[in-house]
Amino acid sequence: MQWAIIAVIVVVVVVFVSLTVKIVPQQRVGVVERLGKFNRLLTPGLNVLIPIIDQVRTYHDLRIQQTNVPPQTVITKDNVQVQIDTIIFYQVVNPEQATYGISDFVYGVRNITTATLRQIIGKMELDETLSGREKISTDIRTALDEATEKWGVRIERVEVLDIRPPVDIQEAMDKQMKAERNKRAIVLEAEAAKQDMILRAEGDKQSKILKAEGDKEARIREAEGFRQAQELEALGQAKAIESIAAAEKTRIEMLRDAALTESVLAYQSFEALKEVAKGPANKVFLPSNAIETLGSLGAIGEVFKAGKDGKS
């Protein structure tokens, strides 16, 4: 009997402690009701309750939660059925409102998302729906924020996971996409050929320009060389004439220094003519004024003979 009593006492103590002491993990809170009315929140750590009088209604996780909305089949503005999958990220910011503001806020979020999704897609055509995921997500989040503000829940993010049109529409879109890709490939190929022709033409143009520049430079250098050669040749001729003139001047001065007269010079000229006329085919014509000089040839000869006798 004593052991039975002790066991009963231990059980009562354990039950009392379990009803009195509550340990709440981090990022969780508990909603405490006293005699059926909201009393306070249990914060993370050790909390003490009054047994039977205080009761924990529910616990809430304060971390960001996610819920998947079941795939919804909706009709677009151009009467095409599409199936859309969405996911909602939310966070409980007011545990009291989340407990008493709605019976199941997760279920309410899903229902509002489904209704809003039908309204949004009904105003959009298929092409807009496929390319407007961001707009769809923004509109759903706006509608959810208005509804969940009184539920103590904040919508963090709405994501459209997938938009699936009917199979026949998908096949037609695939064919259209393939045709578009082929068209782009042809356009890119034509553009590449065009660029190649342009580059080739530009290269040929530059080559011709460079060749013409080279020919021009060669002709300029050739003309410059020819001009310089002519200048050098003219300078050489001028120097040669100058040298000849200087030599002739020296010769004349030497003749003058030798005291040769016109008669002596005439005599030397006739002596030269005499040598020239020795040939049988050579004929010498004398001008009429040269005959007058012939009379003095004897005297000139005597002068030279006298000069030779004096030297000897």
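Notes on the structure follow. (Residues numbered from 1 in each chain as written. Predicted model: local features only at pLDDT ≥ 70, side-chain atom pairs only at ≥ 80, totals over all residues. Heavy atoms only, no water.)

**Observations concerning the overall build of the chain**
Here is the rule we go by: Only DSSP runs of H or I covering at least 4 residues are called helices, and only runs of E covering at least 2 are called strands; the numbering of each starts at the N terminus. Areas reported here follow the Shrake-Rupley algorithm with a probe of radius 1.4 Å; residue values treat only the protein chains shown as occluding.
Helix and strand content of the chain: nine helices and eight strands. Working note: accessible area of the chain is about 22,800 Å², and carbon and sulfur atoms make up 58% of it.

**Notes on the sheet that holds strand 5 (residues 54-61)**
Here is the rule: Whether two strands pair depends on DSSP finding at least two bridges between them. Interaxial angles span 0 to 180 degrees and are taken between N-to-C directions of axes, which are lines fitted to C-alpha atoms, for helices over the stretch in contact.
Within the open sheet, the three strands sit side by side as 3-2-5. Their pairing is antiparallel. Of all the strands in the sheet, just strand 3 (37-42) and strand 5 have a single pairing partner and so form its edges. Strand-to-strand, the axes of this sheet are offset by a mean angle of 25°, without reference to chain direction. By the bridge criterion, seven bridges tie strand 2 (residues 28-34) to strand 5 in an arrangement that is antiparallel. Its bridge partner being in strand 5, R28 is matched across the sheet by D61.

**Some words on the pattern of salt bridges**
We count it as follows: Definition used for salt bridges: Asp or Glu carboxyl oxygen within 4 Å of a side-chain nitrogen of Lys or Arg. Residue burial is assigned from relative accessible area. The probe radius is 1.4 Å, only protein chains are included, and a residue is buried under 20% of its type maximum, exposed over 50%, and partly exposed in between.
A complete count under the given rule lists 15 salt bridges for this structure. Among the salt bridges present, the one from D85 reaches R164, with a minimum N-O distance of 3.1 Å. Here D85, found in strand 7 (residues 81-92), pairs with R164, found in strand 8 (residues 153-164); they are 79 residues apart in sequence, far enough to count as distant. Accessibility expressed as a relative area gives 32% for R164, which makes it partly exposed. Between D196 and R200 there is a salt bridge, and its shortest N-O distance comes to 2.9 Å. Taken together, the residues D196 and R200, both in helix 6 (residues 167-257) and four residues apart, mark about one turn of the helix.

**Overview of unusual backbone geometry**
Positioned with a positive phi, Q27 is a non-glycine residue whose angle comes to about 65°. With respect to the secondary-structure elements, Q27 resides in the loop between strand 1 (21-24) and strand 2. Positive phi, close to 70°, is recorded for I52, a residue that is not glycine. Its location among the elements puts I52 in the loop between strand 4 (45-48) and strand 5. Given a relative accessible area of 81%, I52 falls into the exposed group.

**Quick look at the nonpolar core**
Let me state the cut-off plainly: In these notes, a set of buried Ala, Val, Leu, Ile, Met, Phe, Trp, Tyr and Cys residues joined through side-chain atoms within 4.5 Å is what counts as a nonpolar core. Pairs of residues are marked as contacts when any of their non-hydrogen atoms sit within 4.5 Å.
Among the nonpolar cores identified, the biggest contains 27 residues, and V82, I84, F105 and I136 are the most heavily contacted of them. Listing elements by their share of this core, those giving two or more residues are strand 6 (65-75), strand 7, helix 3 (105-122), helix 5 (133-148) and strand 8. It is helix 3 that contributes the most residues to this core, six residues altogether. Every residue in contact with I84, bar those within four places of it in the chain, is listed here: P70, P71, Q72, V74, L117, I121, V160, D162 and I163. Formed by five residues, the second largest nonpolar core is a distinct cluster that contains V24, L42, L49 and V56.

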